[in-house]
Amino acid sequence: MSNLYGDAMSYVPGQPIAAVVERVQIHKLQERNNLILGFSIGGGIDQDPGQNPFSENKSDKGIYVTRISPGGPADKAGLMMGDKIMQVNGYDMTMVTHDQARKKLTKKNEAVVRLLVTRKSLEEAVKQSMGVAPNCNTATRHY
Amino acid sequence: MDTESTYSGYSYYSGRSRGSHRHGERSRDRHKPRSKDSRSEKSVTINTPPAEPLLGDSAVRGEQVQDDNWGETTTAVTGTSEHSLSQEDIVRITKDLEDSVGLDCRRYFTLTLAVILGLLVFLTPLAFLVLPHLLWPEKLQSCGTACEGLFISVAFKLLILLLAVWALFFRSPRAGLPRVFVFRALLSVLVLLFVVSYWLFYGVRILDSQDENYQGIVQYAVSLVDALLFIHYLAIVLLELRQLQPCFSVCVTRSTDGEMRHYNLGQLSVQRAALAVLEHYYCDFSVHNPALLSASKSRAAKHLAGLKVYNVDGEFPAAPAEGPGNNAAAGLAHSQSRAMIAAAARRRDSSHNELYYEDAEHERRVRKRKARLVVAVEEAFTHIKRLQEEEQKKAPGDVMDPREAAQAIFPSMARALQKYLRTTKQQHCHSMESIQQHLAFCITNNMTPKAFLESYLTPGPTLQYSRDHWMARQWTLVSEASVTSGLRDGSIFLLKCVDFSLVVTTKSIPYIQMSEEFIDPKSHKFVLRLQSETSV
């Protein structure tokens, strides 16, 4: 499901962000005595944003998904590499340190994490669907 | 030109070619009956040149006929006597005579003026002190303690003034400049005025009124000597200190081969700047070698001779007209020269090809000869050994001093050295005597063969050669601005001597505006650039 918030995924410090996000729900997997989600994160306000390979704007200090272990819970839930995590279980992820982000994701008493992630392809998909939306009859017919 | 080479007593170059073409020349002359009689006569006799060529006849005779640059080094002579001089030499000699006489007069004149002024300056205080005792000894108050103390002060100050003047002014003049040295003239006028005014005052107020206060007179004399010391300080600042700080960068270019140097000069007048440039010239510029320019001159001659312009349709009959030589109107000459330039541009000239291959060939030849020379010299140096102290006592028969040792090993390297010098066109700069002297010098000072060869492999500065090889003795300063005016940014002047000229351009060192920025040493702080990846 996609929620429509606004247009471009740009980052201006001090201004509210408007982005197209996707809701991803991951069920944690029990492995030995750890609950793992199956992906790796990078970024944070205490990190160097210039070295982030996935961000479009190299001053973006948000949390990005850097690796997905294939077949893991995140992969099954549809999380993709390069996604920017905007919220985790309602907690904001756009202005957190790396360690705070890790802590929000690895809470021992939560079995499910609901992420709001954004990626470039979401915007384009929304733009295309907006172009078809006013003419509803034709859209249904194209299904 | 090759077949009509003639030999004179005065040209250095012909020594070698003499030997190689002696036989060929005789046969050629027999086959050329129409050659000028006097010249052919001379070409058969062998003249002994006053300056010895690089080697005696014995080594030259052994040389092959195919010598590399005999064409460039044979000379033609204009005179008909055995010891003939070229036109240039005559001009040079007359100029030397005239100018040496003129300069000496001026130098003696300024010298006498300076001596008179100096005597006046030194004797004045003494006269001030002595005259009252001579003229009115009875009326004079006796000299108390303070007054006698002043005597000592006068004596020592005069001694210091004498030493200072000796240090600053009593030096043999380095050069004769065209115009008077402005600052020195001003200073001497100042000193003269000063001394005259003191004498006036003394004459009117002390001599006429016959003042009895001797201490006052002594103090007056002391004030004179003090003021003279201050004038000497002014002289130091004006003459010596003012031009020490560099203000201008001058670029000196030699007109014949373009060798360029840059020097820093302070605030000087044009003639003093020219003098400074010339002193640097003798120490820094390599010696002027006219033999190196012959190749480009021959190329230029070939260009000129390539085209001739004929006036076919016009008032004048068809006559060869080359630019300003004819008597056509200016417009006609202009159009002709333009036609020549256009034709030359269109012509497929392959002289650049020749130059390229000639240069490559020359380079190869020079390197080959240099290799042979280095080997020959190294081998020659192994033939002698220095005797140690103990060995000298029980000396075997044949002990030689450095000069004899040099003469002993010289023949084995002579030929290679001679060939190398001829290839690099330096053979007129070094005579056999000078080479042997240099060899003896190197042997005495334990120098290696490479050290001996260095002065022949690269042309050194003009000072290193003997005076008659300088080709630069009499200089003329050519300047649009007055030569006593100061150097300014963009001033250009020329220093001409007989064979070439030095072009000097000036640029001033810019005014530098500097600002400061303070950095607190505690403000140097750093953070790590992190990019961690955590798996969750």
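It should be noted that the structure appears before, not after, this text.
Just so you know, these numbers come straight off a predicted model, no measurement behind them.

Trainee: Summarise the overall build of chain A; cite the residues concerned and give the values.
Mentor: Looking only at helices and strands, chain A has four helices and nine strands in total. Moving toward the C terminus, one meets the helices and strands of chain A in the order β-β-β-β-β-β-α-β-β-α-β-α-α. For chain A, the proportion of contacts with a sequence separation of at least 24, taken over those separated by at least 6, is 61%. Accessible surface, chain A as shown: approximately 8,500 Å² in total, 53% of it carbon and sulfur.

Trainee: Report on the overall build of chain B, specifying residues and quantitative values.
Mentor: For chain B, the count of helices and strands is 16 helices and six strands. Within chain B, contacts between residues separated by at least 24 positions form 76% of all contacts whose residues are at least 6 apart in sequence. Per element, the accessible surface of chain B, about 34,200 Å² overall, is 59% carbon and sulfur.

Trainee: So what's going on with the interface of chain A and chain B? Residues and values would help.
Mentor: Each partner contributes to the interface: chain A provides 19 residues, whereas chain B provides eight residues. Together, the buried faces of chain A and chain B total about 1,200 Å²; carbon and sulfur atoms form 46% of this surface. Three residues, Gln-47, Asp-48 and Gln-51 of chain A, lead the burial of chain A against chain B; their summed loss comes to 36% of the area buried on that side. Linking chain A with chain B are eight residue pairs in polar contact (both at pLDDT 80 or more). Contributing elements (two or more residues each) for the side of chain A that touches chain B: strand 5 (39–43), strand 6 (63–68) and helix 2 (98–105) of chain A. Sort the elements by how many residues they give to the side of chain A that touches chain B and strand 5 of chain A lands first, with five residues. Taken together, the residues of the side of chain A that touches chain B sort by class into five nonpolar, 10 polar and four charged.

Trainee: Kindly report on helix 6 (residues 145–169) of chain B, identifying the contributing residues and their values.
Mentor: An ideal rise of 1.5 Å per residue puts 36 Å on 25 residues; helix 6 of chain B measures up with 36 Å between its terminal C-alpha atoms. Looking only at helix 6 of chain B, the buried set comprises Cys-147, Leu-150, Val-154, Leu-158, Leu-161, Ala-164, Val-165 and Leu-168 of chain B.

Trainee: So what's going on with the pattern of salt bridges? Residues and values would help.
Mentor: One pass over the full model with this rule turns up 16 salt bridges over all chains. Notably, a salt bridge pairs Asp-99 of chain A with Lys-103 of chain A, separated by 3.7 Å at the nearest N-O pair. You can see Asp-99 of chain A and its partner Lys-103 of chain A sitting in helix 2, four residues apart, about one turn around the helix. On the basis of relative accessible area, Asp-99 of chain A is assigned to the partly exposed category, the value being 37%. Of the charged contacts in the structure, one is a salt bridge between Lys-450 of chain B and Glu-454 of chain B, with a shortest N-O distance of 3.7 Å. On the criterion of helical spacing, the pair formed by Lys-450 of chain B and Glu-454 of chain B is a turn pair, its members being four residues apart in helix 16 (residues 449–457). Lys-450 of chain B sits in the exposed class, given a relative accessible area of 59%.

Trainee: How would you explain unusual backbone geometry if you had to name every residue and give the values?
Mentor: Unusually for a residue other than glycine, Asn-89 of chain A sits at a positive phi of about 50°. Here Asn-89 of chain A is to be found in the loop between strand 7 (84–88) and strand 8 (91–92). In this structure Asn-89 of chain A comes out as partly exposed when scored by relative accessible area, which is 26%. Of note, Asn-446 of chain B is a non-glycine position whose phi angle comes to about 55°, a positive value. With respect to the element layout, Asn-446 of chain B can be found in the loop between helix 15 (432–444) and helix 16.

Trainee: Now, about the pairing of strand 2 (residues 260–265) of chain B: what can you tell me, with residues and values included?
Mentor: Residues and elements named next belong to chain B. Where strand 1 (residues 248–254) and strand 2 come together, six bridges link them in antiparallel fashion. Of the residues in strand 2, the one forming a bridge with Val-250 is Tyr-263. In textbook terms, the turn of a hairpin is the stretch between consecutive antiparallel strands, and for strand 1 and strand 2 this stretch comprises five residues, one of which, Gly-258, has a positive phi near 75°.

Trainee: Can you tell me about the state of the cysteines, naming the residues and giving the values?
Mentor: Residues and elements named next belong to chain B. Applying the stated criterion across every chain yields a total of one disulfide over all chains. For Cys-143, the disulfide goes to Cys-147, at an S-S distance of 1.9 Å. An S-S torsion of about -90° defines the bridge between Cys-143 and Cys-147 as left-handed.

Trainee: Describe helix 8 (residues 214–241) of chain B, naming the residues involved and giving the relevant values.
Mentor: Over its 28 residues, helix 8 of chain B extends 39 Å from the first C-alpha to the last, a length consistent with the 40 Å expected when each residue adds 1.5 Å. Sitting at the head of helix 8 of chain B, Asn-213 of chain B places a side-chain oxygen 3.4 Å from the backbone nitrogen of Gln-215 of chain B.

What counts and what doesn't
Residues numbered from 1 in each chain as written. Chains lettered and ligands numbered in written order. Predicted model: local features only at pLDDT ≥ 70, side-chain atom pairs only at ≥ 80, totals over all residues. Heavy atoms only, no water. Helix = DSSP H or I, 4+ residues; strand = E, 2+ residues; numbered from the N terminus. Contact = heavy atoms within 4.5 Å. Areas by Shrake-Rupley, 256 points an atom, 1.4 Å probe, with all protein chains shown as cover. Buried area = accessible area lost by both parts, 1.4 Å probe. Polar contact = N/O pair within 3.5 Å; in protein donor to acceptor, adjacent residues only side chain to side chain. Nonpolar A, V, L, I, M, F, W, Y, C, P; charged D, E, K, R; others polar. Expected span 1.5 Å × (residues − 1). Buried < 20%, exposed > 50% of the residue type's maximum accessible area, 1.4 Å probe, protein only. Salt bridge = Lys/Arg side-chain N within 4 Å of Asp/Glu carboxyl O. Pairing = 2+ DSSP bridges. Disulfide = S-S within 2.5 Å.

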